[in-house]
Amino acid sequence: MIKETIQMLVFQWLIPMAIMAAIYRVMYQFIYKRYERMDMDRLWGKLILSAVILGTAIGLWLYLSSTSWFMALTGYSHQGIHWFTQTGVAQVAAEQGRSLWNIIFTFILTWVPIYFRAFVLVWVTASLLVIRSIVWRVHITRTTSILVSTAVCFPYLCLKYIFGYQTPIFDFLQARLFVAKLKENVNDSYFNALQGVDEKGEKFEGGSGGSAQIQRIKAATIAIRQTKAKIRTAGGLRRAEIVVRHSRETDTDKVIESALNGVGKRIIAPSIRFQDNPVLNVSQGGYVLDSDVIYRAGDELGRWRAIFSNPWAKEQRVKNGGDGSLRAFVQVIRDVFRYVSHITPPAIYDQIIEREKRLYTPDTTADKAKYTAQQNLDLSVVPEPNDPATGNDIPTQTKIARRVAEERIPNVTNALNAFKVNGVFDQVQVGGNSAIYRYTLPRTADLPTDFNRLQEGLERMLKTTDTPIITISANMLSVSLINGVTIPVDFRQMILQREKGLPSIITGIFGVDAMGNNVYGSLGDIIPHLMLFGATGQGKTVTIMAFLYSVMSAVDPTKLKIAYIDGKGNSFEFMRTDNSDSETYHPNPFTYAQPADASGDIEYGRGLLKYMEMETRRRIELFKKSGVSKLEGYNKKFPDKYLYEILVVVDEFSAITDLDDKLKASEVAEKGTIDTLEYLAKMGRSAGIHLLPANQTARKEKVPGKISANIGGRVSLGVSEPIESDIALPDSNIAVHLIKQPGEFYSNLNGIRNAEHGFTPYLSDDTMNALNDSLEKKFGHHDYVVTREEVMMAVYGEEDEAMFDIPEPMPTRDTPLEELLELMEAYPHWAIANKSSTVIARNKEVTTADAGERRKNKLAIKGALTKCQEDIESVA
């Protein structure tokens, strides 16, 4: 029985499989050698020659088969064969042949299935191994060792899931693959030296031992053969380590270092990024390559529904810039296989926990926060946002944007590698009109000192018309690129998903980041004031209003009042509460005083700022008398005398501060605004008065150092020039001058090294009017805390020349010149006080007319101002 079993194993399994393996090896070596020598031009030439020969042979056969003499010859041949088979000799031969064929057929039927079984097992398995070795670029013997050991340990590796390991199978296989790739990286001559032969298999001429250098190479090779690798993915972190044993000799270690130079660039894997060159660590036994990268199994798995899209959709068509239906369908199939390969118990667990958190986890921010957010706005008046170009909703645009962004991942990665920025791709996020590509950097990343050069280089390599913006935070490199697909921001969703706890009364939301998370801004003890920049057309005023309405949505108007000053127009006119006879009457209960339009009423703009300074001084004096140091202490001590906080919004503040240069020396103390803003920035925090100055330019000559030095909080949309980026977001190295999309911004409110990148929602005038109406309905009508007349009286006094009537409504720079001249005649004091303002000095018909008309219009204004001065003097 045992003998029969051994014979069966030897003759039916071992020998057939060995023969098939030997045949496969010969075939593989033959094909590989032909592959090395393969020349496509010669191959096509041989195919064409073969086709010609085959075609000639078939044509000749068809010709001969149609001739009469060839058909007659064929008939004679058939008759001769028939006569021969009827002879006695043929009959005897046929009988003996039949017996021989029986023996042959019996042999074939017995052994062919056995050898065919061996052929299938060996050739299929070996082919899969070869394919895998080609993909890995590792020798087939090493590939076989890796896969066989993984298969043997598979039950044990599956058991490790129970103990909290996230990807034990990947870790085991990849660690062994790292060792194999490191050995493949070493020159083959090293291993030849270890065998005492050269690359031709002959002994070294220097003797059996070889030269001293050969001995060093042999010692280095032995050390490299003892390489250890370990990967451990658990607790949300993937840690990888490769240790190459060092030697006892300095010269040998130099050989090892030379062999390992740059090896970190060549052995990367998902969520693993080694430094380029290993570091000698004697305590760990050699040269170490290590990597620590955050790994989220649930994120790697992704969403099942996100895989599927309609391959025949309009946007998939080639003429519309898509991949075409066939490629789109193939991509869906690939994504399905990728999804299945990432299904692991930790991935499923992570997604279940994330879903439970999203649906059922209560917001506990209110438990530790000083204030609890209310919900004051009627969000039903805010329309659902759609992309104006396509009419698509947010989910549709998001899906299209993600597809477009993912197609560019290889290009972005290759472009970074070309500049020796070798990070591991982590994820791509889409938001607004941008795609943000995030890369994990190695521990000792050698980054360029000049990001401008890198950004411009990426622009050239990616063939884009917009320069990418590169930022680094927490060992992650982010590349922001214009994606070409705009995703609208939903103001309603932004408000609904806000945290319930407020660290301060003035806690608002500027927008959302590419992940859809809110980007908050809080003005309080830590960051009392905020400066915002954005060039014309970048959405600066829209961003301000989105922030302000998000603040109003959460607090009561008895706790906060907002004062508005606009240096170049009347952007805040719709916030008025005292113009009930106007068609634009939509009063807002948070408005502190009549909004100031400094472009046509500079005295009131200055006066409102001066009044804020007076209020700050009054409160500080009150706190001293009450024995407290700041507003919070006063409100706790005297709750019945509760004092609200004040937010002073100054849009286009440089248009106001620039006019300080036109003041007389004796007027600077009374009317100068730069010193006033400096005082508010220094002293306003304790008094509960906060500044939000905004400007379209961040040029140094337009942003007084007295102001910027005392305001640390910054938010910046796109600005015009590179030098402005350094002032808009100092010490951040963020090139905000490269931003092209309106509403896109960066914020340093969470720290310079953790700058947030977001996109603000768009609120139309009708929507903001409707929101004002909803606030008025909820809180009732609130009159101004102080009127314009009271401000002017308090600042300038009853007899001061600043006390004069102003036009209602206030003209703008677009007012027709004829109408403006009539207003100047009717309000001479106003005209003289605002002769340098935008309304008068920059009237549209003065700045945009042709040269002759422009001179005529300037003379008309000059004459009107002269007459106004004469009228004032005649009355005096």
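Refer to the structure printed above.
If you're wondering where the values come from, they're calculated on a predicted model, not measured in any experiment. Each chain has its residues counted from 1, running along the sequence as written. Two thresholds apply to this predicted model, a pLDDT of at least 70 for residue-level local features and 80 or more for giving and counting side-chain atom pairs, whereas whole-chain, interface and lining totals are computed over all residues. Each side-chain value is derived from all of the structure's non-hydrogen atoms; neither hydrogens nor water enter the calculation.

### Focus: the overall build of the protein
Reasoning step 1: Numbered from the N terminus, helices here are DSSP runs of H or I no shorter than four residues, and strands are runs of E no shorter than two. Helix and strand counts for the protein stand at 33 helices and 19 strands.
Reasoning step 2: Within these notes, the globule rule equals 2.2 Å times the number of residues to the 0.38 power, and the radius of gyration is based on C-alpha atoms. Against the compact-globule benchmark of 29 Å for 876 residues, the protein has a radius of gyration of 41 Å, which places it well outside the compact range.
Reasoning step 3: Under the scheme applied here, a residue whose accessible area is under 20% of the maximum for its type counts as buried, over 50% as exposed, and between as partly exposed, the area being computed with a 1.4 Å probe on protein chains only. By residue count, 45% of the 876 residues in the protein fall in the buried class.
Reasoning step 4: Any two residues whose heavy atoms approach within 4.5 Å at even a single point are treated as in contact. Long-range contacts, defined as pairs at least 24 residues apart, comprise 69% of the intrachain contacts of the protein with a sequence gap of at least 6.
Reasoning step 5: In the protein, 100 positive and 101 negative side-chain charges are present, and the distance between their average locations comes to 13 Å. Residues scored as charged are limited to Lys and Arg (positive) and Asp and Glu (negative), so that His and the chain ends carry no count. Positions of charges follow a simple convention, taking NZ of Lys, CZ of Arg, CG of Asp or CD of Glu.

### A look at the packing of aromatic side chains
Reasoning step 1: Centres within 6.5 Å are what make two rings of Phe, Tyr or Trp a pair, Trp counting through its six-membered ring; a difference in plane orientation under 30 degrees is then read as stacked, over 60 as edge-to-face, and the rest as tilted. Using the criterion set out here, one finds 13 aromatic pairs in the structure.
Reasoning step 2: Residues Phe-178 and Phe-274 carry aromatic rings whose centres are separated by 5.3 Å and whose planes lie at 70 degrees to one another, so their mutual orientation is edge-to-face. Remark: Phe-274 occurs in the loop between α10 (250-260) and β3 (279-281) and Phe-178 occurs in helix α7 (residues 168-185); sequence separation between them is 96 residues. The exposure classification of Phe-178 matches that of Phe-274, with both residues buried.
Reasoning step 3: Judged by centre distance (6.2 Å) and plane angle (85 degrees), the rings of Phe-590 and Phe-779 are edge-to-face. Here Phe-590 is found in the loop between β13 (560-566) and β14 (596-597), whereas its partner Phe-779 is found in helix α27 (residues 765-779), with 189 residues between them in sequence.
Reasoning step 4: Aromatic rings pair up to connect Tyr-24, Phe-116, Phe-119 and Trp-123 into one cluster.
Reasoning step 5: Whether a charge sits over a ring depends on NZ of Lys or CZ of Arg being within 6 Å of the ring centre and within 35 degrees of the ring normal. The lysine or arginine in question, Lys-641, covers the ring of Phe-638, its NZ or CZ lying 5.6 Å from the ring centre.
Reasoning step 6: The aromatic ring of Phe-779 is capped on one face by Lys-778, whose charged end is 5.7 Å from the ring centroid.

### Topic: the pairing of strand β18 (residues 744-747)
Reasoning step 1: Alternating residues of β18 divide into Glu-744 and Tyr-746 and Phe-745 and Ser-747, and every residue in both groups is buried.
Reasoning step 2: When DSSP locates at least two bridges between a pair of strands, those strands are taken to pair. As paired strands, strand β17 (residues 713-716) and β18 are joined by two bridges and run antiparallel to one another. Its bridge partner being in β18, Ser-716 is matched across the sheet by Tyr-746.
Reasoning step 3: Judged from the four bridges that link them, β18 and strand β19 (residues 756-759) form a sheet pairing that is antiparallel. Bridging across to β19, Ser-747 finds its partner in Glu-756.

### Some thoughts on the sheet that holds strand β8 (residues 476-487)
Reasoning step 1: With antiparallel pairing, three strands are arranged side by side in an open sheet as β6-β8-β7. Each edge of the sheet is formed by a strand with only one pairing partner; in this case those strands are β6 (424-440) and β7 (469-473). The sheet shows a mean angle of 35 degrees between the axes of neighbouring strands, taken without regard to direction.
Reasoning step 2: Here β7 pairs with β8 via five bridges, running antiparallel. Axis definition: a line fitted to C-alpha atoms, limited for helices to the stretch in contact. Angles are taken between N-to-C directions and run from 0 to 180 degrees.

### Considering the nonpolar core
Reasoning step 1: We call a set of buried Ala, Val, Leu, Ile, Met, Phe, Trp, Tyr and Cys residues a nonpolar core when their side-chain atoms join them within 4.5 Å. Counting 51 residues, the largest nonpolar core has Phe-491, Leu-548 and Tyr-549 as the members making the most contacts within it.
Reasoning step 2: The element best represented in this core is helix α19 (residues 540-552), accounting for seven residues.
Reasoning step 3: Among all residues touching Phe-491, those that are not within four sequence positions of it are Leu-377, Leu-379, Val-382, Ala-546, Tyr-549, Ser-550, Pro-761, Leu-763 and Leu-771.
Reasoning step 4: The next biggest cluster of nonpolar side chains, apart from the first, holds 48 residues, and it includes Ala-563, Leu-608, Val-650 and Ala-687.

### As for the pattern of salt bridges
Reasoning step 1: Basic side-chain nitrogens of Lys or Arg form a salt bridge, by our definition, when they fall within 4 Å of a carboxyl oxygen of Asp or Glu. In total, this model carries 25 salt bridges according to the counting rule given.
Reasoning step 2: Lys-370 is the salt-bridge partner of Asp-525, the closest N and O atoms lying 3.9 Å from each other. With a gap of 155 residues between them, Asp-525 in the loop between β11 (518-523) and β12 (530-533) and Lys-370 in the loop between α14 (365-368) and β5 (371-372) connect regions that are remote in the sequence.
Reasoning step 3: By relative accessible area, which is 34% here, Asp-525 ends up partly exposed.

### A few points about the side chain of His-529
Reasoning step 1: Among the secondary structure elements, His-529 is positioned in the loop between β11 and β12.
Reasoning step 2: In protein, a polar contact requires one atom able to donate a hydrogen and another able to accept it; more generally it is a pair of N or O atoms within 3.5 Å, and residues adjacent in sequence count only if both atoms are side-chain atoms. There is a polar contact of 3.0 Å between the side chain of His-529 and the backbone oxygen of Ala-681.
Reasoning step 3: From its side chain, His-529 meets the backbone nitrogen of Leu-691 in a polar contact 2.9 Å long.
Reasoning step 4: Excluding its chain neighbours within four sequence positions, the residues that come into contact with His-529 are Leu-523, Leu-680, Ala-681, Gly-684, Arg-685, Ile-689, His-690, Leu-691, Asn-710, Ile-711 and Gly-713.

### Describing the sheet that holds strand β4 (residues 286-294)
Sheet strands line up and pair through hydrogen bonds in the backbone, either parallel or antiparallel.
Reasoning step 1: Spatially, four strands are ordered β1-β2-β4-β3 in an open sheet, and the strand pairing comes out antiparallel. With partners counted over all chains shown, the strands left at the sheet margins are β1 (228-234) and β3, one partner each. On average, adjacent strands in this sheet sit at an angle of 30 degrees to one another, irrespective of strand direction.
Reasoning step 2: In terms of strand pairing, β3 meets β4 through three bridges, oriented antiparallel. Note that in β4 the partner of Leu-280 across the bridge is Tyr-287.
Reasoning step 3: Taken strand by strand, α7 contacts β1 and β2 (237-245), and its axis lies near 150 degrees from that of β1.

### As for a positive patch on the surface
Reasoning step 1: For patches, a residue must show more than 30% relative accessible area and have no salt bridge; joins then use 9 Å for like charges and 5 Å for nonpolar side chains, namely Val, Leu, Ile, Met, Phe, Trp and Tyr. Under the convention used here, a 1.4 Å probe and the Shrake-Rupley method define accessible areas, while residue burial counts only the protein chains that appear. Together, Lys-33, Arg-34, Arg-37, Arg-42 and Lys-46 give the surface a local cluster of positive charge.
Reasoning step 2: Only α1 (2-37) and α2 (40-65) provide two or more residues apiece to the positive patch.
Reasoning step 3: Its relative accessible area of 64% is what places Arg-37 among the exposed residues.

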